[in-house]
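If you want the building blocks of each chain, they are given just below.
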Amino acid sequence: MRQHALIRSRWRRLARRRSTHWLAAGGLALGTAWLAGTTLAGADAERRRWGEDRPVAVAAHRLEPGTTVGTDDVIVRRWPRGLVPESALDTAPVGRTVVALVVPGEAVVSARLAPDGVHGLAALVPRGSRAVAVPVGPDALHLKTGDLVDLLATLEPAAAGGSGNEPTVVVAESAVVLEVGEQSVTVAVPAAAVSDVAYALASGTVTLALRGP
């Protein structure tokens, strides 16, 4: 009888341990399910806050001004509408020319591209400006596309009115460097300053002065 009592006691302890184990496992499963549901609900709420997804053209790598966009330059991804910049494109602008730097992962907006069908140097000329080539010597500044320069004109005495002086004047400010060659630099100057720049080029020496930030 004593042996049977011991066996029954062991079975009761084993049953209690098993019951406790299954209760703990069930609680863990319920907790995991609740956490997953809460996480999904939070993600849905966050998604609703930023709006529905929409396609966006994103730069695959750095796009320099003057680049003609190819099929490998832009990737179309889906972004929440709340994160999409105004005027961002929803298709890859293949064949259009970049007029302002676009960094990798940035949404491509229409303002960074020339109008459709405009290519080459003409695509880089800002609206209301004109492109002018300025001769440079071997000791000229090391400029690059996108730099801003002032155009300083030093006139010959006869062109300066025969005063015997060679006055230097600013004929254009904040001109954008469009192209850098070995013998000339092409810059975009405001249309209103084109005649002054042309006169300075014909009558004296034009120097490019790099502007800082």
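Scroll up to find the structure this text is about.
Position numbers for residues start from 1 in each chain and track the written sequence from start to end. Local features in this predicted model are restricted to residues of pLDDT 70 or higher, and side-chain atom pairs are both shown and tallied only at a pLDDT of 80 or more, whereas totals for entire chains, interfaces and linings draw on every residue. Hydrogens and waters are ignored; side-chain quantities use all the structure's heavy atoms.

### Focus: the overall build of the protein
For the protein, the count of helices and strands is two helices and seven strands. Shown N-terminal to C-terminal, the secondary structure of the protein runs as helices and strands in the order α-β-β-β-β-β-β-α-β. Burial status follows relative accessibility: with a 1.4 Å probe on protein chains alone, a residue under 20% of its type maximum counts as buried, one over 50% as exposed, and anything between as partly exposed. Counting the 213 residues in the protein, one finds 24% classified as buried. Working rule for contacts: check all heavy atoms of both residues, and any pair within 4.5 Å makes them a contact. Summarising the internal contacts of the protein: among those between residues at least 6 apart in sequence, 64% fall at separations of at least 24. For the protein, the exposed surface amounts to about 13,900 Å²; the carbon and sulfur share of it is 57%. Where helices and strands are cited, they refer to DSSP runs of H or I of at least four residues and of E of at least two residues respectively, numbered from the N terminus. All accessibility values rest on the Shrake-Rupley procedure with a 1.4 Å probe; residue burial counts only the protein chains present in the view.

### Regarding the side chain of T97
Take T97: it is sitting in the loop between β2 (74-80) and β3 (129-135). Once you skip the residues sitting within four places of it in the chain, T97 turns out to touch G66, T67, T68, R112, L113, A114, V118, H119, G120 and A123.

### A look at the nonpolar core
If you look at the biggest cluster of nonpolar residues, it comprises 19 residues, and the most contacted ones within it are V149, L151, V187, V189, V197 and L208. Secondary-structure elements contributing two or more residues to this core are β3, β4 (148-155), β5 (168-180), β6 (184-190), α2 (194-203) and β7 (204-210). Discounting residues that sit within four places of it in the chain, L208 has contacts with V134, V136, L141, L143, V149, D150, L151 and V185. Counting residues in hydrophobic clusters, the runner-up holds 10 residues, among them L63, V69, V74 and V108. Nonpolar cores are built from buried Ala, Val, Leu, Ile, Met, Phe, Trp, Tyr and Cys residues. Side-chain atoms within 4.5 Å join them into one set.

### Considerations on the pattern of salt bridges
Whenever Lys or Arg places a side-chain nitrogen within 4 Å of a carboxyl oxygen from Asp or Glu, that contact is recorded as a salt bridge. Within the structure shown, the criterion is met by four salt bridges. One salt bridge in this structure joins E64 and R62, with 2.5 Å as the shortest N-O distance.

### A few points about the side chain of T186
Tracing the backbone shows T186 in strand β6. Setting aside chain neighbours within four positions, we find T186 in contact with L121, A131, V132, A133, V176, V177, L178 and E179.

### A closer look at the environment of L121
Within the fold, L121 resides in the loop between β2 and β3. Separated by 55 residues in sequence, L121 and G66 place their C-alpha atoms 7.5 Å apart. Setting aside residues no more than four positions away along its own chain, L121 makes contact with L178, E179 and T186.

### Overview of the sheet that holds β6
Pairing is antiparallel in the open sheet, where five strands are placed in the order β3-β6-β5-β4-β7. Bordering the open sheet on either side are β3 and β7, each of which pairs with just one other strand. Direction aside, neighbouring strands of the sheet carry axes that sit 40° apart on average. Bridge count between β3 and β6: seven bridges; the pairing is antiparallel. Counterpart to A131 in the pairing with β6 is A188. Think of each axis as a best-fit line through the C-alpha atoms, taken over the contacting stretch in the case of a helix, with angles from 0 to 180 degrees between the N-to-C directions. Running over the sheet, α2 touches β3, β4, β5, β6 and β7 and is turned about 120° from β7. Strand pairing is assigned whenever DSSP detects at least two bridges linking the two strands.

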